[in-house]
Amino acid sequence: MKFSPKIQRCELSPMRKYAPYADAARARGLRIFPLNLGQPDIATPKAFFDAVKGFDAPVLEYAPSDGVPAYLQAVCGYYHRLGHTDLGTGNILATNGGSEALWITMSCLLSDGDEIIVPEPYYPNYSTFITLSGGVVRPIPTTPEEGYHYADRKKIESLINERTRAIMITNPGNPTGAVLTRAEMKMLAGLAHERGLFLVADEVYREFSYDGEQLASMLEFPEAAENVIVIDSVSKRFSACGARVGAIISRNTEFLSEAMKCCQGRLCTATLDQVGAAALYNEGPEYFAAVKEEYRRRRDTAYEMLVQIPGVVCRKPEGAFYLMAKLPVDSTDKFQVWMLEHFSASGDTVMITPGEGFYTTPGKGVNEARLAYVIQHDELVRAMRVLAEGIEAYNNR
Ligand SMILES: *Cc1c(COP(=O)(O)O)cnc(C)c1O
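First, a word on scope: everything that follows refers to the structure included in this document. (Residues numbered from 1 in each chain as written. Predicted model: local features only at pLDDT ≥ 70, side-chain atom pairs only at ≥ 80, totals over all residues. Heavy atoms only, no water.)

**Details of the side chain of glutamate 184**
On the secondary structure map, glutamate 184 appears in helix α8 (residues 182-195). An unpaired buried charge is present at glutamate 184: no salt bridge exists, and arginine 315, the closest side chain of opposite charge, is 6.5 Å distant. Contacts of glutamate 184, omitting those with residues within four sequence positions, involve His149, Ala151 and Val179. (Helix = DSSP H or I, 4+ residues; strand = E, 2+ residues; numbered from the N terminus. Buried < 20%, exposed > 50% of the residue type's maximum accessible area, 1.4 Å probe, protein only. Lys, Arg positive; Asp, Glu negative; His and termini not counted. Salt bridge = Lys/Arg side-chain N within 4 Å of Asp/Glu carboxyl O. Contact = heavy atoms within 4.5 Å.)

**Concerning the sheet that holds strand β5 (residues 164-170)**
Spatial ordering of the open sheet is given by β2-β8-β7-β6-β5-β3-β4, a layout of 7 strands whose pairing is mixed. Two strands lie at the open edges of the sheet, namely β2 (92-95) and β4 (136-141), each paired on one side alone. Each neighbouring strand pair of the sheet contributes to a mean axis angle of 25°, computed without reference to strand direction. Note that strand β6 (residues 198-202) and strand β7 (residues 228-233) share 4 bridges and pair parallel. Each bridged residue has a counterpart across the sheet, and for valine 200 the counterpart in β7 is isoleucine 229. Across the sheet, helix α6 (residues 125-132) lies against β3 (115-120), β4, β5 and β6, angled at about 160° from β5, the strand it touches most. Of the strands in this sheet, β2, β6, β7 and β8 (246-250) are in contact with helix α10 (residues 253-265), which crosses β2 at around 25°. (Pairing = 2+ DSSP bridges. Axes fitted to C-alpha atoms, helices over the stretch in contact; angles between N-to-C directions.)

**Observations regarding the nonpolar core**
Membership of the largest hydrophobic core comes to 118 residues, with the highest contact counts inside it found for Tyr71 and Leu306. Two domains each donate at least three residues to this core, and these are domain 1 (5-43 + 286-396) and domain 2 (46-280). Leaving out residues up to four positions away in the same chain, leucine 306 has contacts with Val312, Cys314, Leu323, Ala325, Leu327, Leu371, Met384 and Leu387. Formed by 8 residues, the second largest nonpolar core is a distinct cluster that contains Tyr18, Ala22, Leu30 and Leu340. (Core = buried A, V, L, I, M, F, W, Y, C linked by side-chain atoms within 4.5 Å. Domains from an automatic or database assignment.)

**Structural notes on the pairing of β8**
The buried count for β8 comes to 5 of 5 residues, which makes it a mostly enclosed element. Side-chain alternation along β8 places Gly246, Ile248 and Ser250 on one buried face and Ala247 and Ile249 on a second face that is also buried. Where β2 and β8 come together, 4 bridges link them in antiparallel fashion. Across the sheet, residue leucine 93 finds its bridge partner in β8, namely isoleucine 248.

**Overview of the site of the ligand**
By nearness alone, 13 residues border the ligand, and Ser99, Asp202, Ser233, Ser235 and Lys236 come closest of all. One nitrogen or oxygen atom from the side chain of asparagine 174 is found 2.8 Å from an oxygen atom belonging to the ligand. Tyrosine 205 is positioned such that a nitrogen or oxygen atom in its side chain is 2.6 Å from an oxygen atom of the ligand. Burial of the ligand by the protein amounts to 95% of the accessible area it has alone, namely 390 Å². The pocket occupied by the ligand, as judged from atoms lying within 2 Å of grid points, is the largest pocket. Among the secondary structure elements, those contributing two or more residues to the shell around the ligand are α5 (97-109) and α9 (234-237). (Near = heavy atom within 4 Å. Polar contact = N/O pair within 3.5 Å; in protein donor to acceptor, adjacent residues only side chain to side chain. Areas by Shrake-Rupley, 256 points an atom, 1.4 Å probe, with all protein chains shown as cover. 1 Å grid on protein atoms, 1.4 Å probe; cavity = no way out; pocket = protein on both sides within 12 Å on 5 of 7 lines; lining within 4 Å. Sits in = over half its atoms within 2 Å of the grid points.)

**Things to note about α5**
Helix length check: α5, at 13 residues, gives a terminal C-alpha distance of 19 Å against a target of 18 Å (1.5 Å per residue), a fit within 8%. Within the sequence span of α5, burial applies to Gly97, Gly98, Glu100, Ala101, Leu102, Ile104, Thr105, Met106 and Leu109. (Expected span 1.5 Å × (residues − 1).)

**Things to note about empty space enclosed by the protein**
Counting across every chain of the model gives 2 cavities of 30 Å³ or more. If you add up the space inside the largest cavity, you get close to 110 Å³. Contributing to the lining of the largest cavity are 15 residues, with Pro119, Pro121, Tyr150, Thr170 and Thr176 lying nearest its centre. Mapped onto the lining of the largest cavity, the elements with two or more residues apiece are β3 and β5. Along the lines of polarity and charge, the residues of the lining of the largest cavity split into 10 nonpolar, 5 polar and no charged. Its volume calculated, the second largest cavity comes out at about 40 Å³. The wall of the second largest cavity is formed by Pro144, Gly147, Tyr148, Thr176, Cys314, Arg315, Lys316, Pro317 and Met324. Of the residues in the lining of the second largest cavity, the class split is 5 nonpolar, 2 polar and 2 charged. (Points joined across faces, edges and corners; volume = space filled by probe spheres on them. Nonpolar A, V, L, I, M, F, W, Y, C, P; charged D, E, K, R; others polar.)

**Some details on unusual backbone geometry**
With omega at 5°, the peptide bond leading from glutamate 120 into proline 121 counts as cis. Inspection of the secondary structure puts proline 121 in the loop between β3 and α6. With a phi angle near 60°, tyrosine 148 is a residue other than glycine that sits in the positive phi range.

**Focus: the packing of aromatic side chains**
Inspection of the entire model under this criterion finds 21 aromatic pairs. Ring geometry for tyrosine 123 against tyrosine 126: centres 5.5 Å apart, planes inclined by 80°, an arrangement best described as edge-to-face. Its relative accessible area of 1% is what places tyrosine 126 among the buried residues. Ring geometry for phenylalanine 238 against phenylalanine 288: centres 5.6 Å apart, planes inclined by 50°, an arrangement best described as tilted. With phenylalanine 238 in the loop between α9 and β8 and phenylalanine 288 in helix α12 (residues 285-307), this pair connects stretches of sequence that are 50 residues apart. When sorted by exposure, phenylalanine 238 lands in the same class as phenylalanine 288, which is buried. Taken together, Tyr71, Tyr78, Tyr79, Phe238, Tyr281, Tyr287 and Phe288 form an aromatic cluster joined through their ring pairs. (Phe/Tyr/Trp six-rings, centres within 6.5 Å; stacked < 30°, edge-to-face > 60°.)

Purely geometric numbers; function is a separate question.
Right, dumping it as structure tokens:
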């Protein structure tokens, strides 16, 4: 029996590699601060659970393939409040998280040998969905010195060829925390429009932008109305990762009707989860203000403590809940293993995410790492001290 070459080109998460080391460290009594996790620690709004508890129907039926009407209306209302009042529920498809939204979108856009332009470093699961579609990533190189921004239109344009089908961006960025400026977004919208490419905008961290004006969505550029496909989710916005509810939003009706084939094929997104998710969208601006303030405070602390470590290269990230940086070590992979096997600061150590897993270009990211600030502020302070001590001890070993 043979497996498909497509699935064999996919990889298991590089993070699982460190789990056995972490288990062994915990068994020895070490406390590990998990700066490696992307799981938000903020409480899910009670509205979700209340809505699920209040669900009262004799049969738990399939939902419509495009989504539960209350959920679609809730998402639609949210986009209206962002100013996209022309969008209707017909521009939205409910999906099993942003993950399935990505999977469906890649299935619709890519075929064997097609290319998709993605700034690197990027969210590793993109590779799985792209590879399963037969597509190939054409990375836009970025640097820690420039805060992982990609503002150079010529550089991106030079990556386009006859096999290019789309540009995909994450904004705010995971793993980089970079938030594109309006000018950068406009450049991408113009480029996609002029070159006839889809522009897939993964905006699952939309609310988590800490500086300056309210972040724009790629939906804001009318010139690219037909090009833009937004990937959305309640996972990060409402700290509801287990709900598995996301959405595809687009003004391109041809694309939506192709995507609907996938939605019908998988029948529906979980009915109860959509009921809960619809209720989440009743959270008002004070909910986001409080959550944002908490993350902003942690971002500031993590960043200020990180750049005090001699040799670290990091530009202040503007959003999401991650920092990506060049660390003064030969290899963040080796450093991570050493931190779990040989290091202890009064019984404490930290986990980070080594950078290589976010790159498709071999050899890149070797001395970079992603830090997630999804732990309590006082624990974060301790974790950053432990990290600084760890780096020093590692280089003096
Ligand atoms: C978390 C995440 C997603 C999707 O998560 P879901 O839980 O499936 O909604 C998509 N893109 C990025 C960049 C993420 O970090």
